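# A structural walkthrough
Each chain, letter by letter, is given below.
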Amino acid sequence: MNHDLREQPVLLGLRDFSVSYGPVEAVHRIDIEVRQGEIVTVIGPNGAGKTTLLCAAMGLLPSRGEITFDGVPIKRCTVEKMVAKSVALVPEKRELFGEMSVRDNLLLGGFSLWRKGQRDQSQRMREVFAIFPRLEERATQLASTLSGGERQMLAIGRALMARPRLLMLDEPSLGLAPRIVREVLQVVASLRDHGVSVLLVEQNARAALKVADRAYVLESGNVALSGAARDLLHDQRIIDTYLGAAGAHA
Ligand code: ATP
């Protein structure tokens, strides 16, 4: 991990954080934090609770424990509160409007700021196009006609239109060819330079660990391991379970 980042204040803090579906607890009393300017990844197998964790941190599911943003506890977390705190979630299904153009999908992403009187959406769109030049080339094309990688870029670009301070991404690599995964995740890593912190949930452990500063390994709703992403890439347990040729999730 970059040493400077350890000095940064905690942007999102989850403490003693649990999430249940009825009587079944999917996330058990975990502690996770994302510091300002950090890219933090949560890796783990199918059903480990990664999506559940993101949805609860966004206020889409009820949770127990403490959520803080910028050091301030958020009581009864809701989506509205998290959006107001400049948190954005790109869900696994991406949820684009297929029958709308790339440009219009982006404009919708900036709607919450527009409603608050921030009418600089053209400037924000230029910033998104600078990050994803491919989207500018495809600006008038319908979202449904984009390739998988371009769709993922549009989903991230749309979230960036709201100028988030924290971007939460649920499996952006899903369904993408390895070369495209690298391309998308490299852009995710570059968001740091735009002042965006990232919480990245991934099953593709190797790709995620390569771009992240820090990582948590979630197994059956518990944090089994955490540390600098670079160290986990060389950790024998991680190599055996998630990265090695025999690893089910390599
Ligand atoms: P994947 O990578 O497969 O999406 P995940 O790590 O994101 O896995 P979750 O989808 O968060 O895992 O699921 C965690 C656990 O919660 C699983 O046991 C799952 O079956 C359960 N679960 C998820 N959604 C629901 C739901 N709506 N109702 C009941 N149980 C659920």
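The structure reproduced in this document is the subject of the present report. None of the values given here were measured: they were computed from a predicted structure.

## So, the nonpolar core
F132, L160, L167 and L209 are the most contacted members of the largest nonpolar core, which has 52 residues in total. Broken down by element, the residue count for this core peaks at seven residues, all from helix α9 (residues 178-190). The residues touching L167, leaving out its near neighbours within four places in the chain, are A88, V90, I156, A159, L160, L191, V196, S197, V198 and L199. Ranked by size, the runner-up nonpolar core spans 30 residues in total, among them A56, M58, I67 and Y216.

## Topic: a nonpolar patch on the surface
A grouping of F97, L108, F111 and W114 is seen on the molecular surface, where their side chains present a nonpolar patch of about 360 Å² in accessible area. Within the secondary structure, F97 sits in the loop between β6 (87-90) and α4 (102-109).

## Things to note about helix α12 (residues 236-243)
For an α-helix, 3.6 residues make a turn, and residues three or four places apart therefore share a direction. Every buried residue belonging to α12 is among I238, Y242 and L243, and all of these are buried. Burial along α12 is one-sided: seen end-on, the buried residues are contained in an arc of 70°. Check the buried side of α12 and you find it contacts α10 (205-211), β9 (214-219), β10 (222-228) and α11 (229-233). Between a side-chain oxygen at the N-terminus of α12 and the backbone nitrogen of R237 the separation is 2.9 Å; the capping residue is D235.

## Some points on the pattern of salt bridges
Between side chains of opposite charge, pairing is possible as soon as their charged atoms come close. Following the criterion strictly, the structure yields 15 salt bridges and no others. In this structure, R64 engages E25 in a salt bridge whose closest nitrogen and oxygen atoms are separated by 2.4 Å. Of this pair, R64 sits in strand β4 (residues 64-69) while E25 sits in strand β2 (residues 24-35), and the two are 39 residues apart along the sequence. For R64, a relative accessible area of 41% corresponds to the partly exposed category. The partly exposed category is assigned to E25, whose relative accessible area is 30%. Residues joined by salt bridges that share partners form a network here, namely R134, E137, R138, E150 and E183.

## A short note on the packing of α4 against helix α8 (residues 148-160)
For the pair α4 and α8, the least separation of the axes is 7 Å and the interaxial angle reads 35°. For α4 against α8, the interelement crossing comes out right-handed. In contact with V102, N105, L106 and G109 of α4, α8 contributes L154, G157 and R158. Residue composition of the contact of α4 with α8, grouped by class: three nonpolar, three polar and one charged.

## Side note on unusual backbone geometry
Positive phi is not limited to glycine here, since D16 has a value of about 50°. By the secondary structure assignment, D16 is in strand β1 (residues 10-21).

## Comments concerning α4
Along α4, the residues classified as buried are V102, N105, L106 and G109. Down the axis of α4, the smallest arc covering the buried residues is 100°, so these residues share one side. The elements touched by buried residues of α4 are α5 (111-115), α6 (121-131), α7 (133-137) and α8.

## Some remarks on a positive patch on the surface
A cluster of basic side chains, namely R179, R182, R206 and K210, defines a positive patch on the protein surface. Elements with a contribution of two residues or more to the positive patch: α9 and α10. Locating R182 in the fold gives a position in helix α9.

## Overview of the layout of surface pockets
Looking at the largest pocket, its volume works out to about 860 Å³. If you trace the largest pocket, you find 29 residues lining it, with V83, L108, G109, S112 and A162 closest to the centre. Contributions of two or more residues to the lining of the largest pocket are made by α3 (79-84), β6, α4, α5 and α8. The residue inventory of the lining of the largest pocket, partitioned by class, reads 18 nonpolar, four polar and seven charged. Two domains share the lining of the largest pocket, each providing at least three of its residues, namely domain 1 (3-86 + 166-249) and domain 2 (96-163).

## With respect to the sheet that holds strand β7 (residues 166-170)
Strand pairing in a sheet is mediated by backbone hydrogen bonds. Such pairs are either parallel or antiparallel. Ordered in space as β6-β7-β8-β3-β9-β10, the six strands form an open sheet in which the pairing is mixed. At either margin of the open sheet sits one strand with a lone partner, and together these are β6 and β10. Neighbour to neighbour, the strand axes of the sheet diverge by 15° on average, direction disregarded. By the bridge criterion, five bridges tie strand β3 (residues 39-43) to strand β8 (residues 197-202) in an arrangement that is parallel. Bridge pairing in β8 places I39 opposite V198. Lying over the sheet, α8 contacts β6 and β7, oriented at roughly 165° with respect to β6.

Analysis parameters
- Residues numbered from 1 in each chain as written.
- Predicted model: local features only at pLDDT ≥ 70, side-chain atom pairs only at ≥ 80, totals over all residues.
- Heavy atoms only, no water.
- Core = buried A, V, L, I, M, F, W, Y, C linked by side-chain atoms within 4.5 Å.
- Buried < 20%, exposed > 50% of the residue type's maximum accessible area, 1.4 Å probe, protein only.
- Helix = DSSP H or I, 4+ residues; strand = E, 2+ residues; numbered from the N terminus.
- Contact = heavy atoms within 4.5 Å.
- Patch = residues over 30% accessible without salt bridge, like charges linked within 9 Å, V, L, I, M, F, W, Y side chains within 5 Å.
- Areas by Shrake-Rupley, 256 points an atom, 1.4 Å probe, with all protein chains shown as cover.
- Salt bridge = Lys/Arg side-chain N within 4 Å of Asp/Glu carboxyl O.
- Arc of directions from axis to C-beta.
- Polar contact = N/O pair within 3.5 Å; in protein donor to acceptor, adjacent residues only side chain to side chain.
- Axes fitted to C-alpha atoms, helices over the stretch in contact; angles between N-to-C directions.
- Left-handed = near helix turned anticlockwise from the far one by under 90°.
- Nonpolar A, V, L, I, M, F, W, Y, C, P; charged D, E, K, R; others polar.
- Lys, Arg positive; Asp, Glu negative; His and termini not counted.
- Charge placed at Lys NZ, Arg CZ, Asp CG, Glu CD.
- 1 Å grid on protein atoms, 1.4 Å probe; cavity = no way out; pocket = protein on both sides within 12 Å on 5 of 7 lines; lining within 4 Å.
- Points joined across faces, edges and corners; volume = space filled by probe spheres on them.
- Domains from an automatic or database assignment.
- Pairing = 2+ DSSP bridges.

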